Amino acid sequence: MVLDDRLLRMLHDFRHGKAPSDFKILLRLLTMYRPPHLTNVSQLQRSGVDDDVLLSDLAANNLIGQDLEELAAMTDYRIILSHDSDECPYVKVDGGLFDNDYVLTCTIGAPRDKAHSHLKELFSCASSIVIHDKYLGVSWSSARALFDLLPAGRIGVFFTKKTNVSQARRSELKRDHPLWNIREDTRSSYADHHDRYILVDNRMEIVITSGIDYLFDVTKECTLIFRVKDR
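Thresholds, definitions, all that
- Residues numbered from 1 in each chain as written.
- Predicted model: local features only at pLDDT ≥ 70, side-chain atom pairs only at ≥ 80, totals over all residues.
- Heavy atoms only, no water.
- 1 Å grid on protein atoms, 1.4 Å probe; cavity = no way out; pocket = protein on both sides within 12 Å on 5 of 7 lines; lining within 4 Å.
- Points joined across faces, edges and corners; volume = space filled by probe spheres on them.
- Helix = DSSP H or I, 4+ residues; strand = E, 2+ residues; numbered from the N terminus.
- Nonpolar A, V, L, I, M, F, W, Y, C, P; charged D, E, K, R; others polar.
- Buried < 20%, exposed > 50% of the residue type's maximum accessible area, 1.4 Å probe, protein only.
- Pairing = 2+ DSSP bridges.
- Axes fitted to C-alpha atoms, helices over the stretch in contact; angles between N-to-C directions.
- Parallel < 35°, antiparallel > 145°, perpendicular 65-115°, else oblique.
- Contact = heavy atoms within 4.5 Å.

By volume, the largest pocket amounts to about 260 Å³. Taken together, 14 residues line the largest pocket, and the ones lying closest to its centre are Leu-8, Arg-15, His-37, Thr-39 and Leu-54. When residues in the lining of the largest pocket are grouped by element, the largest group, 4 residues, is from helix H1 (residues 5–15). Of the residues that constitute the lining of the largest pocket, the class distribution is 8 nonpolar, 4 polar and 2 charged. Lining the second largest pocket are Met-1, Met-32, Arg-34, Tyr-77, Ile-79, Leu-81, Phe-98, Asp-99, Asn-100 and Asp-101.

Printed below as a string of structure tokens:
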């Protein structure tokens, strides 16, 4: 990736122990940043970064006078992290649409133990779990294993309006877990979402790009995205 001039200078100062002028932006930069970044002689000179060895190396590799868009076209992500712009290829580090989330991918044939263990850990101290999967009822024979990962103690289990779980199955869960409070969710905004979601304590959001049942079927591929809401 590429950094705009202001963020390049901020990262350089941080690496050299200088206090940031904007601590919030620095934190967002460090969250979004994935090394290494690409720069050139002109940008270092504009940004006041004095590094003779780096300047020499850049010049030797013909990284001299390209503009930021030209540099970005040489990178994998094709983005320029920016302090204030969100117009492509710029990505605003604070308040833009891009974010840097944790992703766990379960490939076909791969064991799901890591995914199950991490979900169980996230659920272990939760007071509420919201579940959205419009096909949960259809795939219940496999997807029901999700509830084995939830704690046995007092917890609110909320199904969104379009999560197709019959009253009989809810009663079955309640019988097996009498301390659970199983209800319909009326607060979250998942009703019209296509992807599957699990929301833990209204803070940790888990996006499942395929059905919840894929978490327990090694013949299928499954990806989970973990992100903190309202960071």
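So, about the pairing of strand E8 (residues 196–200). A large share of E8 lies buried, amounting to 5 of its 5 residues. Pairing of strand E5 (residues 128–132) with E8, which is carried by 4 bridges, proceeds in the antiparallel orientation. Bridge pairing in E8 links Ile-131 to Ile-198. In terms of strand pairing, E8 meets strand E9 (residues 204–208) through 5 bridges, oriented antiparallel. Across the sheet, Leu-199 pairs through a bridge with Glu-205, a residue of E9. From the end of E8 to the start of E9, which pair antiparallel, there are 3 residues, and Asp-201 there has a positive phi angle of about 55 degrees.

Another aspect to go through is the packing of H1 against helix H2 (residues 23–32). To describe two helices that pack against each other, one gives the angle between their axes and the distance between the axes. One way to put it is that H1 packs onto H2 with a least axis distance of 11 Å and a crossing angle of 90 degrees. On the basis of the axis angle, H1 is roughly perpendicular to H2. From H1, Leu-7, Met-10, Leu-11 and Phe-14 reach across to H2, where they touch Ile-25, Leu-26, Leu-29 and Leu-30. Of the residues assigned to the contact of H1 with H2, the class counts are 8 nonpolar, no polar and no charged.

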